[in-house]
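# Summary of structural features
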Amino acid sequence: MSTEHQPMRASDQERDEVARRIQEATAEGRLTLEESDERLTGVFASRYRHELAALVADLPVSSPAVPVRTGAPARPAPASDGRRWADPGLLIHTLIVVLLSAVMLGHWVATSNHDHHPWPVFPLVWLWVSVAIHARRRNERARR
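Given the structure is predicted, the values throughout are model-derived calculations rather than measurements.

### Comments concerning the overall build of the protein
Broken down by element type, the protein carries five helices and zero strands. Written out in order from the N terminus, the α and β elements of the protein read α-α-α-α-α. Counting only residues that meet the buried cut, the protein has 22% of its 144 residues in that class. A separation of at least 24 residues holds for 62% of the contacts in the protein among residues at least 6 apart in sequence. Roughly 11,300 Å² of accessible area belongs to the protein as shown, and the carbon and sulfur atoms make up 60% of that amount.

### Describing the confidence of the model for the protein
Overall, the prediction assigns the protein a mean pLDDT of 78, with 77% of residues at 70 or greater. Across the protein, the secondary-structure element scoring lowest on mean pLDDT is helix 5 (residues 121–143), at 84, and the one scoring highest is helix 3 (residues 49–55), at 91.

### Some words on a negative patch on the surface
On the surface, a cluster of negative charge is contributed by Glu 34, Glu 35, Asp 37 and Glu 38. In this structure Glu 38 comes out as exposed when scored by relative accessible area, which is 59%.

### Here we look at the packing of helix 4 (residues 88–111) against helix 5
When two helices pack together, their arrangement is given by the angle between the helix axes and the distance between those axes. Taken N-terminus to C-terminus, the directions of helix 4 and helix 5 make an angle of 170°; their axes are 10 Å apart at the nearest point. Here helix 5 runs roughly antiparallel to helix 4, going by the angle between their axes. The residues of helix 5 that touch helix 4, namely those facing Gly 89, Leu 90, His 93, Thr 94, Val 97, Val 98, Leu 100, Ser 101, Met 104 and Leu 105, are Pro 123, Leu 124, Leu 127, Trp 128, Ser 130, Val 131, His 134, Ala 135 and Arg 138. The class makeup of the residues in the contact of helix 4 with helix 5 is twelve nonpolar, six polar and one charged.

### Section: the pattern of salt bridges
Taken as a whole and judged by the stated rule, the model has seven salt bridges. In this structure, the salt-bridge partner of Arg 30 is Glu 28, at a minimum N-O distance of 2.6 Å. When its relative accessible area of 40% is taken as the criterion, Arg 30 is described as partly exposed. The class for Glu 28 is partly exposed, based on a relative accessible area of 36%. Residues participating in the shared-partner salt-bridge network are Glu 17, Arg 20 and Glu 24.

### Observations regarding the side chain of Ser 46
Its place among the elements puts Ser 46 in the loop between helix 2 (33–45) and helix 3. Note on Ser 46: relative accessible area 5%, which makes it buried. Not counting residues up to four positions away in its chain, the partners in contact with Ser 46 are Arg 15, Glu 51 and Leu 52.

### A look at the nonpolar core
Within the largest apolar cluster, twelve residues are counted, these being Ala 10, Val 18, Ala 19, Ile 22, Ala 25, Leu 31, Leu 40, Val 43, Leu 52, Leu 55, Val 56 and Leu 59. Of all the secondary structure elements, the ones that give two or more residues to this core are helix 1 (12–27), helix 2 and helix 3. No other element matches helix 1, which puts four residues into this core. Apart from the residues within four sequence positions on either side, Val 18 is in contact with Val 43, Leu 52 and Val 56. Among the nonpolar cores identified, the runner-up in size contains six residues, and Leu 90, Val 97, Met 104 and Leu 124 belong to it.

So, how was this worked out
Residues numbered from 1 in each chain as written. Predicted model: local features only at pLDDT ≥ 70, side-chain atom pairs only at ≥ 80, totals over all residues. Heavy atoms only, no water. Helix = DSSP H or I, 4+ residues; strand = E, 2+ residues; numbered from the N terminus. Buried < 20%, exposed > 50% of the residue type's maximum accessible area, 1.4 Å probe, protein only. Contact = heavy atoms within 4.5 Å. Areas by Shrake-Rupley, 256 points an atom, 1.4 Å probe, with all protein chains shown as cover. pLDDT = per-residue confidence, 0-100. Patch = residues over 30% accessible without salt bridge, like charges linked within 9 Å, V, L, I, M, F, W, Y side chains within 5 Å. Salt bridge = Lys/Arg side-chain N within 4 Å of Asp/Glu carboxyl O. Lys, Arg positive; Asp, Glu negative; His and termini not counted. Charge placed at Lys NZ, Arg CZ, Asp CG, Glu CD. Axes fitted to C-alpha atoms, helices over the stretch in contact; angles between N-to-C directions. Parallel < 35°, antiparallel > 145°, perpendicular 65-115°, else oblique. Nonpolar A, V, L, I, M, F, W, Y, C, P; charged D, E, K, R; others polar. Core = buried A, V, L, I, M, F, W, Y, C linked by side-chain atoms within 4.5 Å.

Here is the structure:
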């Protein structure tokens, strides 16, 4: 029987090394938490080296050093990939303001003959200003 075509068994040390590479890739943002979880599950379920190699085939061997300018803090890229609502507090704040806006406008439409001043304008302006301030502060915190 030829040993040339038989798969080679993986050691615990090799599994640990592959798990470390997956964790580093997750920390760098190369993998999502779900992808990382799937791959780590695969690492500890694997028996052979080729199974481990497949789990990290699309990842760099080591992280390239990222040069940081002196005197300027490193800033993350702006969230333009759908993470705008990553702050649940801002999302809840906005949803509450939308709900209050709908209730106030609905009440005004239902109870007035539209000859009166549109009173909901004043509270609505302040509610939406509060959302804008919240979003701006969240963005400032994200830049730090």
